[in-house]
Amino acid sequence: MSQPTQEEELLAQQALAEAAATEASSEETSGLSQGQIVRKRFFGHTGALVGLAVLAIILVLAFTSVGAWGLPGWWKYNYLDVSPLVNDGAPTASLWPLAWGEHPFGQDRIGRDLFAMTMRGAQQSITVMVLIGAIAGAVGAIVGGLAGYFRGWVEAVLMRLTDVIIIIPVLLLAAVVGQIANRRDEGSWFASFASSNGVVILGIFLGFVSWVGLARLVRGEFLTLREREFVDAARISGASNARIIFKHILPNAVGVLIVNVTLTMSAAILLETALSYLGLGVHAPDISLGLLVAQNQEAFATRPWLFWFPGLFIILICLSINFIGDGLRDAFDPRQKKFKAKSAVESTRHSSTTPVVPNVPKEQ
C-alpha cells in the first residue's frame, strides 16, 4: 500500500481543521434562537464593537454639544458665533498637560469656534448618510427582489428603469436640487420647504439615485436563492409569494443587503463631502464637513488644523460604518461559520499523533 504524499496529508489536516471548527460553531449556537445567535455573533466581532463604540461617541458628541431639532446643546459656542481670537486661532486642547481650553479645535480667521462647526458639520453629514442609506437600501431591495423573484416582464421593466437611473448625471441634478434647496424665496411650496430643509432634500435626492448597484446585487442573490430546495418546498406547501420572499429568501440575502447598505452609507459621506466641496451640496450659512474643507482650502499651509478635525471625523465615520457592516454580515449570514484557529490546530495535532488502526477482518 502506497504512503500518502505530503500534499495529501496537508489536505487531510485542513479538512480535519474545518470539521473541528464547524463542530465547535454548532456546539456554541445549539439551543439558541436566531436572534440570540445574531447577537452572539455580532458582539463577538471585535471590529464591529469598536466601530459601534466610535460611531456612538460621534453621534452623542455631535447631537448634544451644539444642540439639534431646536434643543440647546451643552457647548457654549454656536457654529455661527464669532469671538476674539485665542492663541491666534490655534487649538487650545493638549494631551500633555491634559487640557481642553477655550477653543479645543481652534478658530477660523474670523473667530468662529471650529469645534462647534465640526459638530454641526457632523450632524449634517450623518443626516445625509442615514437618509441615503435608508432610501437606497429600501428601494434597491424592493426593485432587486421583485426583479429576481418574478422574472419575465417584471424583471425587464425594473432593470430598464435601473439602466435609466444609472445614466443620470448625478452632479448635474445635484446642482439643480442644491440651487432649489438654497433659495430663500417663497415662490413655491417646494422652494419654501427646501430652503429650510436643504440637507433633507439633498439626502432624499441622493438616496433615490444611489440604489441601482444594490438592486443589481439583490437581484442576483434572489435569482440564485429562488432555485433552492427550501423555496420549492415552501411553494409546494402553498406559501404565498410574499411569504416566500420575506420569510425564506430575504433572510438568506440579508448578508449581501446589509453589507452593501453600509458601503452605500460610507460612500454617502464621501459623496456629500465631494458635492459640498464643489459647492453643490450644503451651502452657507449652514455647514457640513465637506463644506468646512472647501471653505478653508486656502489656509492649508498656515492653519492646517482647519483640515485635521473635519477630515478626521469623515474618516472615523466611514471606517466605523464599514466595521459595523462587516460585523452585521457575519452575524446575519446563516452560511457564516466562525473559524477558531486554536481549536482547529489542537484537533489537527491530536489527529496527527493518534495512530490509525487498520480494520482487519477477524478470522472465522
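Worth saying up front: this structure is predicted, and the values here are computed from it rather than measured.

Colleague: Explain the overall build of the chain to me, using residue names and the numbers behind them.
Modeller: The helix and strand inventory of the chain stands at 14 helices and zero strands. Each helix and strand of the chain, ordered N terminal to C terminal, gives the series α-α-α-α-α-α-α-α-α-α-α-α-α-α. Looking at the chain as a whole, 42% of its 364 residues qualify as buried. Taking the intrachain contacts of the chain between residues at least 6 apart in sequence as the baseline, contacts between residues at least 24 apart amount to 70%.

Colleague: Which residues make up a nonpolar patch on the surface, and what are the values?
Modeller: Residues F43, L49 and L52 make up a contiguous nonpolar surface patch of roughly 260 Å² in combined accessible area. Along the chain, the position of L49 falls in helix α3 (residues 46–65).

Colleague: Can you break down the packing of aromatic side chains residue by residue, with the values?
Modeller: Scanning the model with the defined rule gives nine aromatic pairs in all. A ring pair is formed by F105 and F115, whose centres lie 5.1 Å apart and whose planes are at 75 degrees; its orientation type is edge-to-face. Residue F105 is located in the loop between α3 and α4 (114–150), and its partner F115 is located in helix α4; the two are separated by 10 residues in the primary sequence. Across the pair, exposure class does not vary: F105 and F115 are buried alike.

Colleague: Can you explain the pattern of salt bridges? Please cite residues and give values.
Modeller: Per the counting criterion, the structure on display carries eight salt bridges. D108 is the salt-bridge partner of R112, the closest N and O atoms lying 2.8 Å from each other. No difference in accessibility class separates R112 from D108, as the two residues are buried. Here E155 makes a salt bridge to R151, at a shortest N to O gap of 2.8 Å. Overall, E155 belongs to the buried group, its relative accessible area being 10%. Residues participating in the shared-partner salt-bridge network are R151, E155 and R219.

Colleague: Can you break down the packing of helix α9 (residues 212–225) against helix α11 (residues 241–277) residue by residue, with the values?
Modeller: For the pair α9 and α11, interaxial distance at closest approach is 10 Å and the crossing angle is 145 degrees. Every pair of crossing elements has a handedness; the one defined by α9 and α11 is right-handed. Only I245, I249, L250, N252, A253, V256, L257, N260 and V261 of α11 make contact with α9, whose side of the interface consists of L214, L217, V218, E221, F222 and L225. The class makeup of the residues in the contact of α9 with α11 is 12 nonpolar, two polar and one charged.

Colleague: I'd love a proper account of the nonpolar core, names of residues and values included.
Modeller: In terms of nonpolar packing, the biggest core is built from 48 residues, with F105, L114, M119, M129, F222, I249 and I317 touching the most fellow members. By size, the runner-up hydrophobic cluster in this structure holds 12 residues, among which are V143, V154, M159 and A215.

Colleague: Can you break down the confidence of the model for the chain residue by residue, with the values?
Modeller: For the chain, per-residue confidence averages 77 on the pLDDT scale, and residues scoring 70 or more make up 76% of the total. Of all helices and strands in the chain, the one with the weakest mean pLDDT is helix α14 (residues 341–353) (50), whereas α3 scores best (91). Segment residues 339–345 is flagged for pLDDT under 50; beyond a separation of four residues in sequence, or across chains, it makes six contacts in the model.

Colleague: Can you lay out the environment of Y277 for me, pointing to particular residues and giving the numbers?
Modeller: With respect to the helices, strands and loops of the structure, Y277 is situated in helix α11. Apart from the residues within four sequence positions on either side, Y277 is in contact with G290, V293, A294 and Q297.

Colleague: Got a sec to walk through the side chain of S125? Specific residues and values, please.
Modeller: In this structure, S125 sits in helix α4. Note on S125: relative accessible area 1%, which makes it buried. Those residues in contact with S125 that lie beyond four places of it in its chain are I269, E272, S288 and L289.

Colleague: Would you mind going over unusual backbone geometry in detail, with residue names and values included?
Modeller: A positive phi angle is found at R151, which is not glycine, with a value near 55 degrees. R151 sits in the partly exposed class, given a relative accessible area of 36%.

Colleague: Break down the side chain of Q123 for me, with residues and values.
Modeller: Assignment of secondary structure puts Q123 in helix α4. Of the polar contacts made by the side chain of Q123, one reaches the backbone oxygen of A62; its length is 2.7 Å. Leaving out residues up to four positions away in the same chain, Q123 has contacts with A62, F63, V66, G67 and A68.

Colleague: How would you summarise the packing of helix α10 (residues 229–236) against α11 if you had to cite specific residues and measurements?
Modeller: With their axes 11 Å apart at the nearest point, α10 and α11 run at an angle of 175 degrees to one another. As judged from the angle between their axes, α10 and α11 are roughly antiparallel. Within the contact between the two elements, α10 uses F230, V231, A234 and R235 and α11 uses I244, H248, I249 and N252. Its residues placed into classes, the contact of α10 with α11 shows five nonpolar, two polar and one charged.

About the criteria used
Residues numbered from 1 in each chain as written. Predicted model: local features only at pLDDT ≥ 70, side-chain atom pairs only at ≥ 80, totals over all residues. Heavy atoms only, no water. Helix = DSSP H or I, 4+ residues; strand = E, 2+ residues; numbered from the N terminus. Buried < 20%, exposed > 50% of the residue type's maximum accessible area, 1.4 Å probe, protein only. Contact = heavy atoms within 4.5 Å. Patch = residues over 30% accessible without salt bridge, like charges linked within 9 Å, V, L, I, M, F, W, Y side chains within 5 Å. Areas by Shrake-Rupley, 256 points an atom, 1.4 Å probe, with all protein chains shown as cover. Salt bridge = Lys/Arg side-chain N within 4 Å of Asp/Glu carboxyl O. Phe/Tyr/Trp six-rings, centres within 6.5 Å; stacked < 30°, edge-to-face > 60°. Axes fitted to C-alpha atoms, helices over the stretch in contact; angles between N-to-C directions. Left-handed = near helix turned anticlockwise from the far one by under 90°. Nonpolar A, V, L, I, M, F, W, Y, C, P; charged D, E, K, R; others polar. Core = buried A, V, L, I, M, F, W, Y, C linked by side-chain atoms within 4.5 Å. pLDDT = per-residue confidence, 0-100. Polar contact = N/O pair within 3.5 Å; in protein donor to acceptor, adjacent residues only side chain to side chain. Parallel < 35°, antiparallel > 145°, perpendicular 65-115°, else oblique.

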